[in-house]
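If you want the building blocks of each chain, they are given just below.
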Amino acid sequence: MAEKQGSCIIRKSFFCLFLTTTVLFVLSWFFMLRSTGHPNLFDRKLLPTEKLITVINNGNSEFSNRSNVESSNGSSRAILANNEREREEGEGEEPPKRVEGFQEKDGAMNCNGHVKEPLKVFMYDLDPEFHFGLLDWKPQRGSVWPDIRTRIPSYPGGLNLQHSIEFWLTLDLLASEISENPNNRVAIRVQNSSEADLVFVPFFSSLSYNRYSKVNPHQKRSRNEVLQAKLVKFVTARKEWKRSGGRDHIIMAHHPNSMLNARMQLWPAIFILADFGRYPINIANVDKDVIAPYKHVIKRYVNDTSDFDSRKTLLFFQGAIYRKDGGFARQELYYLLRDEKDVHFSFGSVKKDGVNKASQGMHSTKFCLNIAGDTPSSNRLFDAISSHCVPVIISDEIELPYEDVLDYSEFCIFVRTSDALKEKFLINLIRGIKKEEWTRMWEKLKEVEPLFEFQYPSKEGDAVQMIWQSVARKIPAIKMKVNKYRRYSHSVPPKERVKNYTSTK
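For the structure given in this document, a descriptive report is provided here. (Residues numbered from 1 in each chain as written. Predicted model: local features only at pLDDT ≥ 70, side-chain atom pairs only at ≥ 80, totals over all residues. Heavy atoms only, no water.)

1. Some points on the sheet that holds strand β9 (residues 313-319)
For clarity, the threshold we go by: A pair of strands counts as paired when DSSP detects no fewer than two bridges linking them. Counting from the N terminus, the helices are DSSP H or I runs at least four residues long and the strands are E runs at least two residues long. Any two residues whose heavy atoms approach within 4.5 Å at even a single point are treated as in contact. The axes are straight lines fitted to the C-alpha atoms, using for helices just the contacting stretch, and the angles between their N-to-C directions are given from 0 to 180°.
If you walk across this open sheet you meet the five strands as β10-β9-β11-β12-β13, and the pairing is parallel. Strands with a single pairing partner mark the edges of an open sheet, and in this sheet they are β10 (343-347) and β13 (413-414). Judged from the two bridges that link them, strand β12 (residues 390-394) and β13 form a sheet pairing that is parallel. Bridging across to β13, V392 finds its partner in I413. Contacts from helix α9 (residues 354-363) reach β9 and β11 (365-371) within the one sheet, and its direction differs from that of β9 by about 160 degrees. In the packing of helix α13 (residues 435-448) onto the sheet, contacts are made with β11, β12 and β13, and the angle to β12 comes to roughly 95 degrees.

Here it is as structure tokens:
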């Protein structure tokens with residue numbers, strides 16, 4: 001009996017000892033983990049907060065939730081999309097705040113979308129046969145560039161002018177080297193490509209197409225085709241192209257038929273175009289490329305003192321009526337409008353004083369038609385803007401310059417092609433716009449007109465500066481593409497990197 005009681009006491013003692021040891025072991029691990037680990041699964045200090053999302057402005061950080069986009073002041077300011085009319089429609093609601101800008105160093109822009117620090121552009125010293133040599137300029141003293149301080153080679157007139165953007169941008173970069181205040185410019189030329197934000201290819205491709213696209217009897221290929229082939233060979237062999245896969249290169253191809261052969265090999269570059277009408281979406285698109293305005297052909301309406309009543313013609317169109325592709329609407333509209341009172345709809349060209357006649361017609365008209373032709377765009381829109389004739393745009397696929405900062409609905413009427421071709425739809429719509437509304441749009445046209453004006457030397461807010469700003473706004477996306485392209489630079493050959501990049505885009 002005594003032995004049984006002693007055995008029971010021993011078992012109870014061992015159980016208590018085991019239980020005590022287990023509790024102490026668990027508590028020791030608990031205190032150890034608490035003293036060495038994070039109290040939460042995620043360290044909140046590592047998570048992003050609103051205060052971390054900032055815009056760098058003059059070296060000072062401003063919280064993005066306090067940033068507000070305002071339009072720039074001055075006679076040639078851009079009209080931002082969140083305009084007064086939208087504020088009236090949403091009265092009582094606070095408009096959404098957005099940041100439209102990026103860091104000074106990487107994008108050279110402030111938070112209004114305007115360039116602060118000059119865009120640094122490296123320009124290839126191409127042989128003159130690619131640029132001013134096409135204007136019959138002869139190099140002197142071994143220089144590939146003309147001395148623009150003494151004489152600027154003249155650009156051919158007529159319809160050649162509408163695609164002359166290549167001439168104006170190249171001149172602007174050359175002028176930046178002799179400027180007294182280069183830091184006040186939107187873009188400046190730099191001699192070291194490693195310092196540059198972008199690389200500029202100064203090929204006058206539109207002029208090359210207009211002048212040298214025909215094959216002469218003694219030639220196998222046109223001069224335009226030969227120049228494109230030489231350009232591709234030169235550019236793709238450069239270290240600058242290989243370093244980025246061409247994604248930071250600027251190539252001008254404003255005429256729809258320019259760079260017809262080379263575009264397929266130089267597609268990673270930023271194209272400056274009139275529209276995307278003759279480009280596959282994988283070669284050119286609004287995310288990668290820049291749409292630039294045509295240079296107007298008709299005369300500017302200087303000192304415009306006209307008004308609604310003095311412009312006697314209601315609706316004006318003068319140009320080619322029978323077009324292919326998307327331009328079928330011109331022919332249909334001609335039959336719908338030709339007998340309407342106060343409507344001028346006729347065939348016209350630059351021949352037989354056509355430019356002066358068009359100028360007079362647009363200057364005395366309230367609304368000017370811009371109808372899609374062989375391609376979605378034409379210089380007729382910019383002729384209308386320079387005439388302060390309210391544009392009526394009938395082109396469903398059109399892309400417009402600076403539309404990320406400029407609200408065209410403030411000074412243009414947009415009509416879908418399917419609606420415009422309905423009987424009486426267009427003429428009733430235009431007749432329904434009263435004097436007050438037309439006058440408001442006419443005033444806006446005079447305000448934005450300088451944004452589409454090409455000139456040398458370029459001035460703040462003109463077409464040259466606006467195009468450079470449009471290019472600058474592409475830089476964050478370009479830098480991301482270049483960085484992706486370089487991911488496997490240490491382990492994969494360049495050709496294989498291109499293959500991998502394009503397959504995962």
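2. Some details on the packing of helix α4 (residues 165-176) against helix α14 (residues 463-472)
The description of two helices packed together rests on the angle between their axes and the distance between the axes. The line we're drawing: By definition in this entry, angles of less than 35 degrees are roughly parallel, angles greater than 145 are roughly antiparallel, angles of 65 to 115 are roughly perpendicular, and the rest are oblique.
Running from amino to carboxyl end, α4 crosses α14 at an angle of 85 degrees, the nearest separation of the two axes being 10 Å. One finds that α4 runs roughly perpendicular with respect to α14. Counting all contacts with α4, which are made through I165, W168, L169, D172 and L173, the residues of α14 involved are V464, Q465, I467 and W468.

3. Side note on the nonpolar core
Among soluble globular proteins, nonpolar side chains are generally buried collectively. What counts here: The criterion is simple. A nonpolar core is a set of buried Ala, Val, Leu, Ile, Met, Phe, Trp, Tyr and Cys residues joined through side-chain atoms within 4.5 Å. Relative accessibility under 20% of the residue-type maximum defines a buried residue, over 50% an exposed one, and the middle range a partly exposed one, all with a 1.4 Å probe and only protein chains included.
With 114 residues, the main nonpolar core has I272, F367, L369, V392 and W468 as its most contacted residues. The element best represented in this core is α4, accounting for eight residues. In contact with W468, not counting residues within four places along its chain, are L119, V121, L169, D172, L173, V186, A187, F200 and I250. The next biggest cluster of nonpolar side chains, apart from the first, holds seven residues, and it includes A358, M362, A384 and C389.

4. Section: the pairing of strand β5 (residues 198-201)
Taking every second residue as pointing to the same face, both faces of β5 are buried, with L198 and F200 on one and V199 and V201 on the other. Of the pairings in the sheet, the one linking strand β3 (residues 119-123) to β5 comprises three bridges and is parallel in character. Across the sheet, V121 pairs through a bridge with L198, a residue of β5. Note that β5 and strand β6 (residues 249-252) share three bridges and pair parallel. Counterpart to F200 in the pairing with β6 is I250.

5. Points about the sheet that holds strand β8 (residues 290-291)
If you walk across this open sheet you meet the six strands as β4-β3-β5-β6-β7-β8, and the pairing is parallel. Every other strand in the sheet has two partners, leaving β4 (187-190) and β8 as the edge strands with one partner each. Pairing between β6 and strand β7 (residues 270-273): three bridges, direction parallel. What sits directly across from I251, in β7, is F271. Sheet strands touched by α14: β3, β4, β5, β6, β7 and β8. Its angle to β3, the strand with the most contacts, is close to 95 degrees.

6. Digging into α9
Residues spaced three or four apart along an α-helix point in a common direction, a consequence of the helix completing one turn every 3.6 residues. Where α9 is concerned, the buried positions are G354, A358, S359, G361, M362 and H363. Contact partners of the buried residues in α9: β9, β11 and α10 (380-387).

7. Brief notes about the side chain of T375
Here T375 shows up in the loop between β11 and α10. You can call T375 buried: its relative accessible area is 9%. Among residues more than four places away in sequence, those in contact with T375 are P256, D275 and R278.

8. Looking at the state of the cysteines
Spelled out, the test is: Only a pair of cysteine sulfur atoms within 2.5 Å qualifies as a disulfide here.
Per the stated rule, a full pass over the model turns up one disulfide. Through a disulfide, C368 is tied to C389; the S-S separation comes to 2.1 Å. Torsion about the S-S bond of the C368 and C389 cystine: about 105 degrees, corresponding to right-handed handedness. You can see C368 sitting in strand β11 and its partner C389 sitting in the loop between α10 and β12, a full 21 residues away along the chain.

Limitation: the analysis is restricted to geometry and does not speak to function.
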